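What follows is each chain in one-letter form.
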Amino acid sequence: MVYDASPLCITVCLIVFNRSVFQLTLPVLFGYVPLGMAFGVLFVTQLDYPWWGATLMSVAIYAGAGQILAISLLAAHAGLLEVFVALFVLNARHLFYGLSLLGRFRGAGWRKAYLIFGLTDETYSLLTSRKRHDNGSDEQRKDALITFYNQCYWILGSTLGALLGRAVEFDSTGIEFALVALFIVLTIEQYKGLGESLPVWIGAASAGLCLAVLPADQQLIGAVVVATLTLLGHYRLNQRRTAANDAHRNGGHSHG
Amino acid sequence: MDSVLSADSTAYLLAFIAVGTAATFATRVIPFAFFSRHSEHPLIQHLGRYLPAAVMSLLVVIFLLRSGHWSAPMLGLDALVPSLVVVALHLWRRNALLSIIAGTACYMVFQQSGLF
């Protein structure tokens, strides 16, 4: 007897589908599907492992650059300690992303682990740039959906790439620029939301510096570290200025 | 698939994925594990306020430089022009999807036509 699962599937889809979240994540769809496919194709053409290895990596590891690096590590049959160190260092910039989301994920319950797990560059961008309302748990539910949609695009892309391999060729050259365009749009939104351009310049200058002095694989983490350190200096400076103002005003309170 | 997969290599693949998952998750969970109690600290609040904007702009600079051809004939225009399209459209209409699709289409045309 065959159990018809379609009503269940439709119900699940209706619960999970959220139009506004889908629209918000569309640029990531355009970026993740082709990039995921590139990873999937590389996986099956460079390695002697079955296609589901690519899918499993996208489900469990879920890190774009990390997975592409993983292909060369798998090919070289690298030791597991080396694998751990390589992927930790490559993804080390994520250490800093969490620092600005500590409060936002507080009290997210069972969703919190998934929100943390799925914190890629693109998801971080969307979560920190979108407009929010006061209702914390409702916003966290939306955050989790955004994270989930993004990962689905990544899994979909890498699975398609691994299954199709070299069989199907379609010219989507350049479509991954959607991610660059997304970052540009989000920078503008961040600037408008903050009303200050200083952090934008700090980020750009950090990137410029690291592009000039570091090898390609260390530029991203280098820039995140330099930007964070600069912001620490900025904090210190503000603190000193506020203290000086307070002393000047003889105990007047300052705004944070 | 004609290659016969040995149990050994499947075990290696699974161990590899487990270790890769642990390493990646560690980078994401460490701040929450160690700084959760300090989320109200003014320094953390300061980072929460300014870090996203700084990270966004550094991602733009790094990925933009990697998307263009910066040598003689093009001078990065193949990436700069689509980026300007995104900026201009976004400042004008402030419709994220429109800006992204237009800029991406422009970039794809440049890359595929060999115009530059």
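It should be emphasised that the depicted structure is a prediction, and the values quoted were computed from it without experimental measurement.

In this section: the overall build of chain A. Across its full length, chain A carries 13 helices and 0 strands. Traced from its N-terminal end to its C-terminal end, chain A shows the element sequence α-α-α-α-α-α-α-α-α-α-α-α-α. Each of the 256 residues in chain A was classed as buried or not, and the buried ones make up 46%. In chain A, the share of contacts with a sequence separation of at least 24, taken over all contacts with a separation of at least 6, comes to 71%. Treating the 17 positive side-chain charges of chain A as one cloud and the 16 negative ones as another, the clouds have centres 12 Å apart.

Moving on, we come to the interface of chain A and chain B. Across the boundary between the two partners, chain A contributes 94 residues, which contact 74 residues of chain B. Carbon and sulfur atoms make up 78% of the area that chain A and chain B hide from each other, which totals about 7,400 Å². Arg106(A) is the partner of Glu40(B) in a salt bridge, and the nearest nitrogen-oxygen pair spans 3.6 Å. The interface formed by chain A and chain B holds 21 residue pairs in polar contact (both at pLDDT 80 or more) in total.

Position of Gln190(A) relative to the elements: it lies in helix 11 (residues 177-194). With sequence-adjacent residues up to four places away left out, Gln190(A) is seen in contact with Thr128(A), Ser129(A), Pro52(B), Ala53(B) and Met56(B).

Put simply, the largest pocket is a space of about 1,100 Å³. Looking at the lining of the largest pocket, the elements that each hand over two or more residues are helix 2 (19-46), helix 7 (102-105), helix 9 (121-129), helix 10 (136-164) and helix 11 of chain A together with helix 2 (42-67) and helix 4 (96-113) of chain B. At 8 residues, helix 11 of chain A tops the list of elements feeding residues into the lining of the largest pocket. Considered class by class, the residues forming the lining of the largest pocket number 16 nonpolar, 14 polar and 11 charged.

Residues and elements named next belong to chain A. Packing of helix 8 (residues 110-117) against helix 10 brings their axes to within 9 Å, and their N-to-C directions diverge by 45°. On the basis of their axis angle, the class for helix 8 and helix 10 is oblique. Helix-helix and strand crossings are classified by hand; for helix 8 and helix 10 the assignment is left-handed. Along its contact with helix 8, which presents Arg-111, Tyr-114, Leu-115 and Phe-117, the element helix 10 presents Gln-140, Arg-141, Asp-143, Ala-144, Thr-147, Phe-148 and Gln-151. Considering only residue class, the contact of helix 8 with helix 10 consists of 5 nonpolar, 3 polar and 3 charged.

Judged by how many residues are buried, helix 9 of chain A sits mostly within the fold: 9 of 9 residues are covered. Listing the buried residues of helix 9 of chain A in full gives Asp121(A), Glu122(A), Thr123(A), Tyr124(A), Ser125(A), Leu126(A), Leu127(A), Thr128(A) and Ser129(A).

Quick notes on the rules
Residues numbered from 1 in each chain as written. Chains lettered and ligands numbered in written order. Predicted model: local features only at pLDDT ≥ 70, side-chain atom pairs only at ≥ 80, totals over all residues. Heavy atoms only, no water. Helix = DSSP H or I, 4+ residues; strand = E, 2+ residues; numbered from the N terminus. Buried < 20%, exposed > 50% of the residue type's maximum accessible area, 1.4 Å probe, protein only. Contact = heavy atoms within 4.5 Å. Lys, Arg positive; Asp, Glu negative; His and termini not counted. Charge placed at Lys NZ, Arg CZ, Asp CG, Glu CD. Buried area = accessible area lost by both parts, 1.4 Å probe. Salt bridge = Lys/Arg side-chain N within 4 Å of Asp/Glu carboxyl O. Polar contact = N/O pair within 3.5 Å; in protein donor to acceptor, adjacent residues only side chain to side chain. 1 Å grid on protein atoms, 1.4 Å probe; cavity = no way out; pocket = protein on both sides within 12 Å on 5 of 7 lines; lining within 4 Å. Points joined across faces, edges and corners; volume = space filled by probe spheres on them. Nonpolar A, V, L, I, M, F, W, Y, C, P; charged D, E, K, R; others polar. Axes fitted to C-alpha atoms, helices over the stretch in contact; angles between N-to-C directions. Parallel < 35°, antiparallel > 145°, perpendicular 65-115°, else oblique. Left-handed = near helix turned anticlockwise from the far one by under 90°.

Don't take any of this as a statement about function, it's just geometry.
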